Each structure stands twice: as structure tokens, then as C-alpha cells.
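Residue-level listing of the chains:
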Amino acid sequence: MLPTFVRSTPDGTETGDFLALDLGGTNFRVLLVRVSSNGKQKVEMENQIYAIPENIMRGSGTELFDHIAECLANFLEKLGIKDKKLPLGFTFSFPCQQTKLDESFLVSWTKGFKASGVEGRDVVGLLRKAIKKRGDFDIDIVAVINDTVGTMMTCGYDDHHCEIGLIVGTGTNACYMEEMRHLELVDGDEGRMCVNMEWGAFGDDGALDDIRTEFDREIDAGSLNPGKQLFARRLNKMVRLLVPDCDVRFLRSEDGSGKGAAMVTAVAHRLAKQHAERQRILNTLRLSRDQLLEVKKRMEEEMNRGLAKKTHATATVKMLPTFVRSTPDGTERGDFLALDLGGTNFRVLLVRVRSGKRRSVEMHNKIYTIPQDITQGTGEELFDHIVHCIADFLEYMGMKGALLPLGFTFSFPCHQTRLDQGILIKWTKGFKASGCEGEDVATLLKDAIHRSEDFDLDVVAVVNDTVGTMMTCGYEDPQCEVGLIVGTGTNTCYMEEMSNVELVDGDEGRMCVNMEWGAFGDRGELDDVCTEFDRAVDDQSTYPGKQRYEKMISGMYLGEIVRNVLLDFTAKGLLFRGKLSERLKTRGIFETKFLSQIESDRLALRQVRSILQHLGLTSSTCDDSILVKEVCSVVSKRAAQLCGAGLSAVVDKIRLNRGLEKLSITVGVDGTLYKLHPHFATFMRETLRDLAPNCEVTLVQSEDGSGKGAALITAVACRLRDAGK
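Residues numbered from 1 in each chain as written. Predicted model: local features only at pLDDT ≥ 70, side-chain atom pairs only at ≥ 80, totals over all residues. Heavy atoms only, no water.

> In this structure, what is going on with the overall build of the protein chain? I would like to understand it.
When helices and strands are counted, the protein chain shows 21 helices and 24 strands. For 725 residues, the compact-globule estimate of 2.2 N^0.38 gives 27 Å, and the C-alpha radius of gyration of the protein chain, at 35 Å, exceeds that figure by more than 25%. C-alpha atoms of the protein chain, sized along the principal axes, occupy 110 × 55 × 50 Å. In the protein chain, which comprises 725 residues, the share counted as buried stands at 53%. Sequence-distant contacts in the protein chain: of pairs separated by 6 or more residues, those separated by 24 or more amount to 68%. Per element, the accessible surface of the protein chain, about 33,000 Å² overall, is 48% carbon and sulfur. With 91 positive and 106 negative side-chain charges, the protein chain shows a spacing of 2 Å between the two charge centroids. (Helix = DSSP H or I, 4+ residues; strand = E, 2+ residues; numbered from the N terminus. Rg over C-alpha atoms; globule rule 2.2 N^0.38 Å. Buried < 20%, exposed > 50% of the residue type's maximum accessible area, 1.4 Å probe, protein only. Contact = heavy atoms within 4.5 Å. Areas by Shrake-Rupley, 256 points an atom, 1.4 Å probe, with all protein chains shown as cover. Lys, Arg positive; Asp, Glu negative; His and termini not counted. Charge placed at Lys NZ, Arg CZ, Asp CG, Glu CD.)

> Explain the UniProt feature "coiled-coil region" (unreviewed entry) in the protein chain here, please?
Under the feature "coiled-coil region" (unreviewed entry), the UniProt entry names residues 282-309. Secondary structure content for residues 282-309 is 75% helix and 0% strand, while the C-alpha to C-alpha distance between its ends is 41 Å. (UniProt positions renumbered as here; feature names shortened; annotations may be inferred.)

> Whenever I open this one, helix α20 (residues 680-691) confuses me. Can you help?
Side chains of residues three or four places apart in an α-helix project in the same direction, reflecting 3.6 residues per turn. Between its first and last C-alpha, α20 extends 17 Å over 12 residues, near the 16 Å set by a 1.5 Å rise per residue. Within α20, the full set of buried residues consists of Phe 680, Ala 681, Phe 683, Met 684, Thr 687, Leu 688 and Leu 691. Buried residues in α20, looked at end-on, bunch into an arc of 165°, giving them a common side. Here the buried face of α20 lies against α8 (289-307), β20 (480-486), α14 (548-553), α18 (622-657), α19 (672-676) and β24 (695-701). (Expected span 1.5 Å × (residues − 1). Arc of directions from axis to C-beta.)

> Would you mind showing me how to read the sheet that holds strand β10 (residues 172-179) here?
The strands that make up a sheet pair up through hydrogen bonds in the backbone, lying either parallel or antiparallel. Reading across from one edge, β1-β11-β10-β9 is the order of the four strands in this open sheet, with antiparallel pairing throughout. The sheet is open, and its two edges are formed by β1 (2-3) and β9 (164-168), each paired on a single side. Relative to strand β11 (residues 192-196), β10 is paired through five bridges, and the arrangement is antiparallel. Paired with Cys 175 across the two strands is Asn 196, which belongs to β11. (Pairing = 2+ DSSP bridges.)

> How should I be thinking about the pattern of salt bridges in this particular structure?
A side chain with one charge may pair with a side chain of the opposite charge, provided their charged atoms come close. By the definition in use, this model includes 42 salt bridges. Arg 280 is paired through a salt bridge with Glu 277; the nearest N and O atoms lie 2.9 Å apart. Note that Arg 280 and Glu 277 are positioned in helix α7 (residues 256-283) at a spacing of three residues, about one turn of the helix. Here Arg 280 falls in the partly exposed class, since its relative accessible area comes to 45%. Residue Arg 289 is joined to Asp 690 by a salt bridge in which the shortest nitrogen-to-oxygen separation is 2.8 Å. Of this pair, Arg 289 sits in helix α8 while Asp 690 sits in helix α20; the two residues are 401 residues apart in sequence, bridging distant segments of the chain. (Salt bridge = Lys/Arg side-chain N within 4 Å of Asp/Glu carboxyl O.)

> Help me out: how do you make sense of the nonpolar core in this one?
Inside soluble globular proteins, nonpolar side chains tend to come together where they are buried. Tyr 494, Trp 517, Phe 590 and Phe 680 are the most contacted members of the largest nonpolar core, which totals 115 residues. Looking at which element gives the most residues to this core, the answer is α18, with 17 residues. When near neighbours in sequence (up to four residues on either side) are disregarded, Trp 517 contacts Met 299, Val 317, Leu 484, Thr 490, Asn 491, Thr 492, Tyr 549, Cys 643, Gly 646, Leu 647 and Val 650. Leu 32, Ala 73, Leu 88 and Ile 141 belong to the second largest nonpolar core, which has 41 residues in total. (Core = buried A, V, L, I, M, F, W, Y, C linked by side-chain atoms within 4.5 Å.)

> What is the right way to read the environment of Asn 173 from this model?
Tracing the sequence through the fold places Asn 173 in strand β10. Under the relative-accessibility criterion, Asn 173 is labelled buried at 6%. Distance in space between the C-alpha atoms of Asn 173 and Asn 196 is 8.0 Å, their sequence separation being 23 residues. Beyond its immediate stretch of four places on either side in the chain, Asn 173 contacts Asn 146, Thr 148, Gly 165, Leu 166, Ile 167, Asn 196, Met 197, Glu 198 and Trp 199.

> What is the right way to look at the packing of α8 against α20 in this model?
Two packed helices can be described by the angle between their axes and the distance between those axes. In the contact formed by α8 and α20, the axes pass within 11 Å of each other and the chain directions differ by 80°. With respect to α20, the axis of α8 lies roughly perpendicular. Between α8 and α20, the contacting residues are Arg 289, Leu 292, Leu 293 and Lys 296 on the first element and Thr 687, Asp 690 and Leu 691 on the second. By residue class, the composition of the contact of α8 with α20 is three nonpolar, one polar and three charged. (Axes fitted to C-alpha atoms, helices over the stretch in contact; angles between N-to-C directions. Parallel < 35°, antiparallel > 145°, perpendicular 65-115°, else oblique. Nonpolar A, V, L, I, M, F, W, Y, C, P; charged D, E, K, R; others polar.)

> Honestly, the packing of helix α2 (residues 61-79) against helix α3 (residues 123-134) in this entry has me stumped. Any pointers?
At their nearest, the axes of α2 and α3 sit 9 Å apart, and the two run at 60° to each other. By the angle between their directions, the pair α2 and α3 is classed as oblique. Between α2 and α3 the crossing geometry is right-handed. Between α2 and α3, the residues in contact are Thr 62, Phe 65, Asp 66, Ile 68, Ala 69, Glu 70, Leu 72 and Ala 73 and Val 123, Leu 126, Leu 127, Ala 130, Ile 131, Lys 133 and Arg 134, respectively. Partitioned by chemical class, the residues of the contact of α2 with α3 number 10 nonpolar, one polar and four charged. (Left-handed = near helix turned anticlockwise from the far one by under 90°.)

> Looking at this model, I keep getting lost on the sheet that holds strand β16 (residues 405-410). Mind explaining?
Overall, mixed pairing links the five strands, which are arranged β15-β14-β13-β16-β19 in an open sheet. Of all the strands in the sheet, the pair left with one neighbour each is β15 (360-369) and β19 (458-463). Averaged over all pairs of adjacent strands, the angle between strand axes in this sheet comes to 20°, irrespective of strand direction. Sheet topology note: the strand β13 (residues 334-341)/strand β14 (residues 345-354) ladder contains eight bridges and is antiparallel. Looking at the pairing, Leu 339 lines up with Val 348 of β14. Strands β13, β14, β15 and β16 of the sheet are contacted by helix α10 (residues 379-397), whose axis makes an angle of about 130° with β15. Of the strands in this sheet, β13, β16 and β19 touch helix α11 (residues 441-452), which is tilted by about 145° from β19.

This is the structure we're talking about:
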């Protein structure tokens, strides 16, 4: 079971002129194979047979390969192509150990050959040496293969289902396409590789002794003289009998393994060109350390611009004061309502906070949806719908008449002048409800409550989901002074020194600042790392030119970036054999959850293919699955690195604010992308460690969401309000 490093069969798009050398006996062939694909596959061949004298077969390896090189030179001269450097495939039909496609070490001579100094050496290297010694022509030896592999590839050009090669002649052997995960001799477990079985040695350990006869023991090699067709019919019948669940078709190779060597070369040539082009495109999505450091530097600059009164208006990172000045101290107690609105699903919660020795937080919640027509309708309709859901929840909890303090997690950019007010700057995440931008969302909610006349609430705090996440984690870990969301959207908040918050009077203490970092890049700060795929996603989005950083990081957009890369690859014939499915043309069809599934280490390639089939890509191959997985990996890694670069700017700013050589800090994190993607957290952590080496950052995943945080902020505000009274 020898690996051949042949990883793909022809797909019909191969074109070009290829040389082949077919050595497996006393006569060998040199071929020129012209492959064209102008709407219809076509292969034209010219060949010449040369003899190997017996004295050379039994002489030295140098003499043998010099003779082969001389015959090759003769063939090239005869065709007038000696000045061209063509790719060559070398069919070498002897047992070899391959380490790569163009390197093969002869294990032992067979078929009467005894040339000295060849066994244990790389036959491609010996041929190259002989050609170089002549110096009158040059070729590019791309592949060395066995005649069985050549047979499979010859037939595979005409029948794309051909994945087995079988030789039954003077000798016998088979090869087939095996799953890489079963090949322990070769690194990597994705895709397939052709395996040369060398099955002629089967039985050498006595495995066939019980069926061998006295005649078999006398004869080394059997003959197949009594009729080829008879043998083929019997073989076909027996295979059908033994594997009834497999539809096996036998296709006889008419052109021998020489054509197959040329086809392996053509495929390798195609794959190399396609791989280079794919990598060129994917490299635009790969970020260097210098680029990430530049992102960090520009984020720091925008943070300072957002904090300063003079430049705040033009800053992309708005650094909005939240009026949250304190984290929980453990004395908070009472029942609080929380409303968590940040997407098309939202939660209503009842949070019971108990203080003392056995302090605890008990939560009850219910999830509601907001239909798309309401997210795109009027503000009145949106807030009436929200109030209707709150009324349903209070009834569900048996608390319809209770007047409870409410914390409103509103995960959209807001300008705050106090804790219980939030003026919506702009909608994001696909929301477009009219009559809300520029309005106080707490007032819009109170007005809707008064319209319903079902209940009343005390709206104590309007908070961002990032702030809610920081407070949720801060309840358990006092070192938590940063909140990060990486889900449908992305944002960060942190505790900033009041002396730096120029939009609010007073220099004492700290205040939580809602960065609204999703808009970073809206003034061109990310143009040099933006790709054509980012621009396509931005152009097709609800708000073109806005939230550029968010569009390169968050779950709402990563699937769309991947889809645009796949469209480009397919249009260039680099994927899905150039055949585009109608479903893949549909915006939003490649959901970000597919990235998490496809990149899962536990997911086999056949499961990746089932995801692609769900997208209408029914003819996708194993190689397609590998490439789709690579595209997903590159896009998600870039997102995690960009997020890590931004976060490194935040923690380093906190460290410098406090004049510390080293900072130890906790970041509370929430969001489906961070939680569900198998590698996002790891890549983000690595980037953070690299770009902010003087900060020891602990990332804590928020288990209870930002709703609990809103209730805790409300609890703290109520405690401070009561203390003030």
C-alpha cells in the first residue's frame, strides 16, 4: 500500500502539451500528448518505441539513464521541439517508495532488469542528472508514477468516475483513490490520494497457502492466454457477485499507461497553477504582524479622537459615555426586569438579586422574535411589539400588577447624557424602523407602555449589550473591566479614566465607555487591508460605507465574505469545476454558522460536502470541500486577528492610563461567533498576546448574556439612588 502522491483525477479542464516516458520492460515509449479542451475534451498523441539492449538492462544505472536520455533527445529532435521545456510524466513500472509526486526510490528491480546502482535511489534524480549531463535539451519532470496509476488516469480522463486502476497481464497490480485519513504514512488527513497496492506480493506470508495447489507451487507466474474476453466477463460477474451494493464498470485502457503519465502531469500542472492562483487571492485576506500592529495603532488614535471634545464629531470610534460608574459590590438586592434587544430575537428577563453571605442571582426569561416587517416598519410599531411581549412575560410570571425597575439593554449606537436615557445615533444589524434615530429609546419605550395601559415600569438604565456583558462577568470577577461582543455584530466597552472622558464633566473616578468600534474604518482606516470581497459585501449591505470593521469581523457578514470568495473562485474555474449553483448566487445563503460547522475538527469532509449539497452544489468534490474549508479558515482567522488587534489597543490603553508596567485584567465576552466557532477564540487570544505582551488578559465567557448585566446595572443604580436619598 504505497502512497503515490497523486491526489486528483482529471476534471476535463486540463490543456497543454505534455511529454510522457513509459518504462516497464525491454521496450519503452516516449510520447508527446496534446490535451485540449475547447468545449470538448481532446487528446492527440505522437509516440516512438525504443528498445533497451540487454547489456544496458544488466549494466550500470548510469548507462541505463544515459540511454533513456539519448532516446528522449532523439524523439524531441524528430518532432522539432528540442528547444521547448515541456512538463514530463515518468511511468516507471517497478516497485518504488515515493516521498512526493516527483521523487521515487526504487525498492527492487523486477522484469529481468538488474542495472546496478539504482536500487534505493531516486529514479527522477537519476534521469535529471543524465539529461543535465547532455546539456542539449531540458524538461520539467513533474511526476513519476506506476503503470497501474497511469491506467487509472488514462481511463479517468474519459470517465470521471474512474478511481481504480487494474493491470492483469504479464504481472498484476491495482491502485485506487484512498481517503487521506487512512494513510498513516503521509501527513495530513484531508482529501484523497492514489495508493499503489503492489498486491502481487499478497500471499507471500502464507495467507493463500490453503487455496494453493501443487501446480501453483511449481509455477511462479500464471498465464491468462485462454481468451481475454472470457476473462473479462468472468471477472465482471464475480465482482458483481462479491460486492452487490457497488455498481462497478470496467473500462479497458486503450492507450496504455504512457497517456496516463501525461494526464497525471497535466493534472499536476493544472493543480499547481490553480493552487498558485487561489493562494494569490487568499493572501489578500491574510494579515501580517505589521498590518495587525498598524490596525492596533490606528484604533488607539481613533479612541483618543473619540474621547476628545474637539475631534469627537469626526471620530469613527465614538467612545460614548454610558454613565455606568460602578460595578456591583455585593450589597445589591431586589427584583428587576431586564429587556435585552440587539437583534431579531430579544429576551425579557426577571432577575432576582440576593445579597449577604449567600449572594445569588436567580433568572427567569423568555425569548421573543421581531418579524422583519416590524424591524423595517415604524418606531411606534416596533416599541408596541416590544411592550406586547413584556406584557406577555409579566402575565407568564404572574406579576402583571408589579411596578419593577427595568434595565434596557439596547445594542445599537446611542448617545447618553445620563444612565436612564439613550438617544439612538443610527440603526445597525439590518434594523430600519423609522422615527427612532435621534430619539431617546427610553422615552419611546415609556410612551409605548403608556399606550398599552396594561402595566407600568420604572426605566432606570439604558445600557449597551457590551456593558451588560462586562457587568455580568464583573459580578463574579472584580477584575473584569472590559466587555466584548463578537456575534451578529461586534463592539467593546471598558472602564476609562474620567479625566480622559471630555464629553462628561468631572475628573474623578472612572466611567464605562461604549466604544462603538464597529464603525472603525469608516474614514478609510482599513482601506489597505480591505479586499474586493469586503467591498462587495459592503456594497450589498443595508448601510454601504458604514460599520466597516464590523463587516470584517462579525457573524452577520463572514458567511457573505466566504460566499463572495467562492463565487470568484468558481467564475475563474478554480472551484466546483467552474459550475455555479443558483443558490450560491443568493445573498445570505452561506450562513456564518456554516463556517463554524465546516471548520470543526470533528467534521469529516463528507459532512462538509453535505453542507455544500444543501447549498445546491451537488457535484462538489472532495477537493472542493478542502478548498471551501480553507476559505472559511482564512476568513474567520482574519476576523479573529482583527478583533484581537482592536482589543490589544484597548487593554494597552488601560495599562498606560494607570501608569503600569504590567496589567492584569479580565475581559467578559459574549456572542455566538466567539462561543460557537471552534478556532475564533484561540486566534484572537494569540493575537492579543502577541500585540499586547505587557497585558495579562483573562477572557471569561459570559454565560448569562447581557440581560443579567442590565439588571445588575439597574440594581447598582437603585442602590446608589437609595443611598443618595
